[in-house]
2 protein chains.
Amino acid sequence: MPSLSLDQLHASLSDPLLGSIGFLNEVMGRYPDAISFAPGAPHPSLSSDVDIASYTERFIAHLVHDRGLTETRARRTLFEYGPSRGLINDLVAEALRRDHGMDVHSDSVVITVGAQEAMLLSLRALCAGPQDVLAVVDPCFAGISGAARLLGLPVIGIDESPSGVDLDALRQKCRAARHRGQRIRACYVAPDFSNPGGSRMPLENRRGLLELAEREDFYVLEDNAYGFTAPIAAEIPQLKALDDGQRVVHIGTFAKVCFPGARVGYVVADQQVQAAGGQRLLAHHLAALKSMVTVNTSPLGQAVIGGMLLEHGGSLAELSRRKADLYRRNLTHLAHALDRELGAMHPHIHRNRPEGGFFIRVRIPARADMNLLETSAAKYGVLWTPMSQFHLGEAGDSEMRLSCSYLTPEEIDEGVRRLTRFLKSEVLRPHR
Amino acid sequence: MPSLSLDQLHASLSDPLLGSIGFLNEVMGRYPDAISFAPGAPHPSLSSDVDIASYTERFIAHLVHDRGLTETRARRTLFEYGPSRGLINDLVAEALRRDHGMDVHSDSVVITVGAQEAMLLSLRALCAGPQDVLAVVDPCFAGISGAARLLGLPVIGIDESPSGVDLDALRQKCRAARHRGQRIRACYVAPDFSNPGGSRMPLENRRGLLELAEREDFYVLEDNAYGFTAPIAAEIPQLKALDDGQRVVHIGTFAKVCFPGARVGYVVADQQVQAAGGQRLLAHHLAALKSMVTVNTSPLGQAVIGGMLLEHGGSLAELSRRKADLYRRNLTHLAHALDRELGAMHPHIHRNRPEGGFFIRVRIPARADMNLLETSAAKYGVLWTPMSQFHLGEAGDSEMRLSCSYLTPEEIDEGVRRLTRFLKSEVLRPHR
């Protein structure tokens, strides 16, 4: 037998990040009856009305009537390989135009296996050498720092501010990187209700980020997963919709607004890339990389999402609103339950007050680590995510992230009661 | 506008490999009416009998009856995220046991977005540092060398021999690498009817490769895409079925035997990896990496493939045989047509004589490059693939790869007639 040890595998596998995600999944698997504030997954009730067959047929009819394919040829599309760039690029571009005012040509769109693959492809294309660094708002979604680690890219954290990105700090990091012989090549932001921080960038800050990107010569990777949860009439334009200078690579997913099981996301990359043979869109190069990662996104999944887009008149606005209502109700419910149950514990317990998204952070006077999580699950039947999982350094060690997205109001109430018992017994009056 | 040029993007995007694949797709797109010997895609008639809805229902019934899920919970599985490692691992392990005599536990299996993702994950896990090198049989499938380039891994070619891998050459390359301070960490082989070479490893050579892997301390990445096309009673055990020393990481796909549009493949990695916290299977670590690439493989696709496996009694042997019959018929038909039409051109034109797989190579007395392909398509209406696309170096510049998989016998006859006219006019009596 060969002796294989972890230190002989790629360094990303020894990173505490991957280990802690694995451990979290393991804990959740061991306590299936616990109430879980851990997963940021869409609410299960929102998928039960997805009629796969009828959406698929709707997409096939579209291929026949709008694209001139024969019935046989259209049907075969589901079963064959397809172009790496995707099959529903035009429908996605149209929805982005209608729903977000983005002036996007379908050639700039690549359909990906969720937003995760879009992140990997964008990082791989943009980061060309050892001098290139990714900046992220810290704390940040583990998928982006994980993808960077898989590719061996250095990651620099910019502390999250109430307005999302502290532009002064980012400017300083850009200059410090240059002095070290590095360059910040891209900055990842989730401008609307970041996961897990919950911050939202005001319009002014968005414009400032684009100006800074221009001045300091970096690209902005914009992740739009939670924008749809904004209250009506409180939407702020996406960075891509403000992007006159082609500084933004926009990443999105249908996991939240449609459903995760399709594994369909997208990236908009309308930057022109000069080469000896002429210029091509960055999207073209992302599709070329995709052919080495997953070849193409499942036509079955694309057909269902395509059918949903068509069935809703080419816009996801109405579908989004219906789902956003549920998430806002849940977030409000969680916030009230926390205030009701934990209010008396103030000033030992603090929480943030996001206006959208799926998450509330709770700061406790103890190390919110995997050991404490294990106790919480085993003795109190309630699960949460240690915030340290989302931080690049040592920060977040006394914070937990609570997700409201996967639970009913009744489960939220019961979960918060359990959480309160847990905090009272284990954190505020710890056993000796 | 930022000025972005190709040399500022990752080096893999400037690699001629990616460029030529892109160009090939472009040429095919421009000549939709040409007869194409280019795509190694499964025959379209083989997918027309796939009843997605009924296979999906079959899988849901399995979740209810065999795994004890409620009907609601089972149905939700299709729509939600799922474990990174997959949903149908047990069914795949069972099929590998039945059909290939592989003693595989489901915990060793990770379900991937096609074989391509399995290659990327395996390379990423095994190649830990700049000293680690991938060896491939040259020529080889562009997906493996492309994945290595995306990850920045050096690739060494071992010239293909009639018995697949020249073990002496591989041994020498291992030692030469060691002398340079490198190590060959893995060797990629397709033991049955390699794409594009067409070679097949005899049993003796397979055993020899495993012994060499043990002696020189490398892993074997086995790609099993075309094994099913072997004539009945002429099967040779897969490397993984002979792998007493856990040297083989086995990669497979359902694209050929089921259908490509599901985008479902798998990797078997039963190696134990030692770490401070105890030992885990390599498959566990591949799943952790997968969470940073695609998160999980679409449950929709997995459900259809799972249903197909269940519906066929847990074995793909019968389905494979039916498809293998068609491909062998096509391969024989192509071989006869070539001999009939091109026979008189001997000794200027040579072809190889594979016993299975999708491909025949034809050597011509001219540069079989993109310019010649363009002429072939524009003036003669026939497409093929330049073999140079599959070589690491300059080799293969006067060979074309012809695929028989996507055509009917009538199309093959007409295609070979066009090819003959093209060769007579442009290659054997070229215009001056």
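Residues numbered from 1 in each chain as written. Chains lettered and ligands numbered in written order. Predicted model: local features only at pLDDT ≥ 70, side-chain atom pairs only at ≥ 80, totals over all residues.

Moving on to the overall build of chain A. In terms of regular secondary structure, chain A is built from 13 helices and 17 strands. A compact globule built from 432 residues would reach a C-alpha radius of gyration of about 22 Å, and chain A, at 22 Å, matches this within 12%. Counting only C-alpha atoms, chain A reaches 70 × 60 × 55 Å along its principal axes. In chain A, which comprises 432 residues, the proportion classed as buried is 53%. Considering only intrachain contacts with a sequence separation of at least 6, the fraction spanning at least 24 residues in chain A is 75%. (Helix = DSSP H or I, 4+ residues; strand = E, 2+ residues; numbered from the N terminus. Rg over C-alpha atoms; globule rule 2.2 N^0.38 Å. Buried ≥ 20, exposed ≤ 12 C-beta atoms within 10 Å, placed from the backbone. Contact = placed C-beta atoms within 7 Å.)

Attention shifts here to the relation of the copies chain A and chain B. In screw terms, the move from chain A to chain B is a rotation of 180 degrees and a rise of 0.0 Å along the axis, fitting with an RMSD of 0.0 Å. The superposition of one copy onto the other is thereby described by a two-fold rotation axis. Both copies contact each other with a shared surface, as 100% of the interface residues of chain A are interface residues in chain B too. (Least-squares fit on C-alpha atoms with pLDDT ≥ 70 in both.)

Let's shift gears to the pairing of strand S12 (residues 278-281) of chain A. In regular strands, side chains alternate between the two faces of the sheet. Of the pairings in the sheet, the one linking strand S11 (residues 272-275) of chain A to S12(A) comprises four bridges and is antiparallel in character. Within S12(A), the position partnered with Gln272(A) by the bridge is Leu281(A). (Pairing = 2+ DSSP bridges.)

Glycine aside, residues mostly have negative phi, and peptide bonds are mostly found in the trans state. Residues and elements named next belong to chain B. Of note, the amide linkage connecting Asp138 to Pro139 takes the cis form, showing an omega dihedral of 5 degrees. Relative to the helices and strands, Pro139 resides in the loop between strand S4 (132-138) and helix H6 (142-150). Cis geometry marks the peptide bond from Asn195 to Pro196; its omega dihedral reads 10 degrees. Assignment of secondary structure puts Pro196 in the loop between strand S7 (183-189) and helix H8 (203-216). Here the phi dihedral of Val295 falls at roughly 70 degrees; this positive angle occurs in a residue that is not glycine.

Okay, helix H9 (residues 282-290) of chain A next. Extensive coverage of H9(A) is indicated by the burial of eight of its nine residues. Of all the positions in H9(A), only Leu282(A), Ala283(A), His285(A), Leu286(A), Ala287(A), Ala288(A), Leu289(A) and Lys290(A) are classed as buried.

With that settled, consider the domain arrangement of chain A. Residues and elements named next belong to chain A. What the domain assignment lists for chain A is domain 1 (8-37 + 318-428) and domain 2 (81-298). Each of domain 1 and domain 2 was reduced to a C-alpha centroid, and the two centroids are 27 Å apart. At the interface, 28 residues of domain 1 touch 23 residues of domain 2. Elements with a minimum of two residues in the side of domain 1 that touches domain 2: helix H1 (16-30), helix H11 (317-342) and strand S14 (359-363). Here the side of domain 1 that touches domain 2 takes seven residues from H11, the largest share from any one element. Looking at side-chain class alone, the side of domain 1 that touches domain 2 contains 12 nonpolar, nine polar and seven charged residues. (Domains from an automatic or database assignment. Nonpolar A, V, L, I, M, F, W, Y, C, P; charged D, E, K, R; others polar.)

Here the focus is the interface of chain A and chain B. The partner chain B presents 65 residues to the 65 residues of chain A that form the contact. Each residue belonging to the side of chain A that touches chain B can be placed in one class, and the counts come to 37 nonpolar, 21 polar and seven charged.

Moving on to the packing of helix H5 (residues 114-126) of chain B against helix H9 (residues 282-290) of chain B. Residues and elements named next belong to chain B. In contact at an axis separation of 9 Å, H5 and H9 are set at 110 degrees when each is read in the N-to-C sense. With respect to their mutual orientation, H5 and H9 come out roughly perpendicular. Where H5 crosses over H9, the two elements pack in a sense that is right-handed. Residue-level contacts link Leu121, Ser122, Arg124 and Ala125 of H5 to Leu282, His285, Leu286, Leu289 and Lys290 of H9. For the contact of H5 with H9, the per-class residue count stands at five nonpolar, two polar and two charged. (Axes fitted to C-alpha atoms, helices over the stretch in contact; angles between N-to-C directions. Parallel < 35°, antiparallel > 145°, perpendicular 65-115°, else oblique. Left-handed = near helix turned anticlockwise from the far one by under 90°.)

Taken in spatial order, the three strands line up as S12(A)-S11(A)-S1(B) in an open sheet, and their pairing is mixed. The open sheet has two edge strands, S12 of chain A together with strand S1 (4-5) of chain B, and neither has a second partner. Along the sheet, H9(A) makes contact with S11 and S12 of chain A together with S1 of chain B, crossing S12(A) at roughly 70 degrees.

Residues and elements named next belong to chain B. With antiparallel pairing, the four strands of this open sheet are ordered in space as S13-S14-S17-S16. For this open sheet the edge positions go to strand S13 (350-351) and strand S16 (385-386), each flanked by a neighbour on one side alone. The sheet contact formed by S13 and strand S14 (residues 359-363) spans two bridges and is antiparallel. Counterpart to His350 in the pairing with S14 is Arg363.

The axes of two packed helices give the description: the angle between them and the distance between them. All names here are of chain A. Running from N to C, helix H7 (residues 167-179) and helix H8 (residues 203-216) point in directions that differ by 10 degrees, and their axes come no closer than 11 Å. Considering their axes alone, H7 and H8 lie roughly parallel with respect to each other. Of H8, the residues touching H7 (which contributes Leu167, Leu170, Arg171 and Cys174) are Asn205, Gly208, Leu209, Leu212 and Glu216. For the contact of H7 with H8, the residue count by class is five nonpolar, two polar and two charged.

What follows deals with the nonpolar core. Among the nonpolar cores identified, the biggest contains 267 residues, and Cys187(A), Val267(A), Leu286(A), Cys187(B), Val267(B) and Leu286(B) are the most heavily contacted of them. Excluding residues that lie within four positions of it along the chain, Val267(B) makes contacts with Val110(B), Thr112(B), Ala118(B), Leu121(B), Ser122(B), Val249(B), His250(B), Ile251(B) and Leu286(B). (Core = buried A, V, L, I, M, F, W, Y, C linked by C-beta atoms within 7 Å.)

So, about the pairing of S7(B). All names here are of chain B. Burial within S7 is extensive, with six of its seven residues counted as buried. Here S4 pairs with S7 via five bridges, running parallel. By the bridge assignment, Val136 is partnered in S7 with Tyr188. As paired elements, S7 and strand S8 (residues 219-223) share four bridges and run parallel to each other. Across the sheet, residue Val189 finds its bridge partner in S8, namely Glu222.

Our next topic: the environment of Val137(B). Relative to the elements of secondary structure, Val137(B) occurs in strand S4. Taking C-alpha positions, Val137(B) is 36 Å from Gly313(B), a pair spaced 176 residues apart along the chain.

This next bit is on helix H7 (residues 167-179) of chain B. All names here are of chain B. The end-to-end C-alpha distance of H7 is 18 Å, a good match for the 18 Å that 13 residues give at a rise of 1.5 Å each. Taken as a whole, H7 has its buried residues at Leu170, Cys174 and Ala177. The arc enclosing the buried residues of H7, seen along the axis, measures out at 70 degrees, which places them on a common side. Across H7 from its buried face, at more than 90 degrees, point the exposed residues Asp168, Gln172, Arg175, Ala176 and His179. (Expected span 1.5 Å × (residues − 1). Arc of directions from axis to C-beta.)

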